[in-house]
Amino acid sequence: AQSVSQHNHHVILSEAASLELGCNYSYGGTVNLFWYVQYPGQHLQLLLKYFSGDPLVKGIKGFEAEFIKSKFSFNLRKPSVQWSDTAEYFCAGGNNDMRFGAGTRLTVKP
Amino acid sequence: EAGVTQFPSHSVIEKGQTVTLRCDPISGHDNLYWYRRVMGKEIKFLLHFVKESKQDESGMPNNRFLAERTGGTYSTLKVQPAELEDSGVYFCASSPRTGNEKLFFGSGTQLSVL
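Predicted model only: the values in this text are computed from it and were never measured.

Visitor: Sorry, what's going on with the sheet that holds strand β1 (residues 5-7) of chain B here?
Guide: Adjacent strands of a sheet form backbone hydrogen bonds with each other and so pair up, either parallel or antiparallel. All names here are of chain B. Here we have four strands laid out as an open sheet, ordered β1-β3-β8-β7, and antiparallel in their pairing. If you trace the sheet from one side to the other, it starts and ends with β1 and β7 (65-68), each paired once. The average angle at which neighbouring strand axes cross in this sheet is 15°, direction not considered.

This is how it looks when you write it as structure tokens:
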């Protein structure tokens, strides 16, 4: 069965620190991977996605993620976080039906 | 363009009662998904409609849950009778095509079963 797992439940960083959130997937076939974000009081929205091609994908707000097939990973990164990045981040993937990880709550201290 | 809308935003009911959640997807989106998030845990897939047909309902917890999408437009998710463990946030999402399309999410319905 296809599944996605996230390693970190809650991450606390100071502004300007670098961020890396882990995500691993376990399913075969076509690999479609996504990172979604939910800012406080807002809807889930797409940060970035990978379907094929360049394994390093860039998303909105300076986020990027790297697909590493050999590690079944799709980690999210940002070189320098801001207070406004405080949110919950979800990794997701699937062939036809999207499966989500448990989410990682990021708190950025000003 | 209107986004995905869900109603109600909050529902508090007693164990044994019935609740019906509604989702209006973005107009023209054939795919409609229901997800549930129990506090602190993953966003769990419940089911997927393509137009009015259930493409995949493998995530539905049990037969107390019934989802419909008559006419391929809005969808309802009924829980009858509700149990304590049904509490959580129920998200609806839609997309124009199946597979590698991003999902557009509603704001969710917070269901509390007391």
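Visitor: Just checking my understanding: could you explain the packing of aromatic side chains for this structure?
Guide: Any pair of aromatic rings gets described here by the distance separating the centres and the angle formed by the planes. The full count for this structure, using the stated rule, is 15 aromatic pairs over all chains. Geometrically, the ring pair formed by phenylalanine 100 of chain A and tyrosine 35 of chain B is edge-to-face, given 5.2 Å between the ring centres and 85° between the ring planes. One end of the pair, phenylalanine 100 of chain A, is in strand β11 (residues 99-100); the other, tyrosine 35 of chain B, is in strand β4 (residues 31-37), on a second chain. Accessibility expressed as a relative area gives 0% for tyrosine 35 of chain B, which makes it buried. Among the aromatic residues, those joined into a cluster by ring pairs are Phe34, Tyr36, Phe51 and Phe100 of chain A together with Tyr33, Tyr35, Phe45, Phe91 and Phe105 of chain B. Positioned over the ring face of phenylalanine 45 of chain B is arginine 99 of chain A, at 4.1 Å from the centre of the ring. The ring of tyrosine 74 of chain B carries the charged tip of arginine 22 of chain B above its face, separated from the ring centre by 3.7 Å.

Visitor: Sorry, what's going on with the environment of valine 37 of chain A here?
Guide: Residue and element names in this part refer to chain A. Inspection of the secondary structure assignment puts valine 37 in strand β5 (residues 33-38). Exposure remark for valine 37: the relative accessible area of 0% places this residue in the buried category. Between the alpha carbons of valine 37 and valine 81 there is a distance of 14 Å; along the sequence they are 44 residues apart. Not counting residues up to four positions away in its chain, the partners in contact with valine 37 are His43, Leu44, Gln45, Leu47, Ala87, Glu88 and Tyr89.

Visitor: I tried to follow the interface of chain B and chain A on my own but got confused; where do I start?
Guide: Note on interface size: it is often stated as the accessible area lost on association of the parts. Each side of the interface is counted separately: chain B has 22 residues, and chain A has 18 residues. Each partner contributes to the roughly 1600 Å² buried at the junction of chain B and chain A, and carbon and sulfur atoms together form 56% of this total. Taken together, the links from chain B to chain A amount to two salt bridges. The interface formed by chain B and chain A contains five residue pairs in polar contact (both at pLDDT 80 or more). Elements supplying a minimum of two residues to the side of chain B that touches chain A: β4 and β5 (43-50) of chain B. Here the side of chain B that touches chain A is composed, by residue class, of eight nonpolar, eight polar and six charged.

Rules used throughout
- Residues numbered from 1 in each chain as written.
- Chains lettered and ligands numbered in written order.
- Predicted model: local features only at pLDDT ≥ 70, side-chain atom pairs only at ≥ 80, totals over all residues.
- Heavy atoms only, no water.
- Pairing = 2+ DSSP bridges.
- Helix = DSSP H or I, 4+ residues; strand = E, 2+ residues; numbered from the N terminus.
- Axes fitted to C-alpha atoms, helices over the stretch in contact; angles between N-to-C directions.
- Phe/Tyr/Trp six-rings, centres within 6.5 Å; stacked < 30°, edge-to-face > 60°.
- Buried < 20%, exposed > 50% of the residue type's maximum accessible area, 1.4 Å probe, protein only.
- Lys NZ or Arg CZ within 6 Å of the ring centre and 35° of its normal.
- Contact = heavy atoms within 4.5 Å.
- Buried area = accessible area lost by both parts, 1.4 Å probe.
- Salt bridge = Lys/Arg side-chain N within 4 Å of Asp/Glu carboxyl O.
- Polar contact = N/O pair within 3.5 Å; in protein donor to acceptor, adjacent residues only side chain to side chain.
- Nonpolar A, V, L, I, M, F, W, Y, C, P; charged D, E, K, R; others polar.

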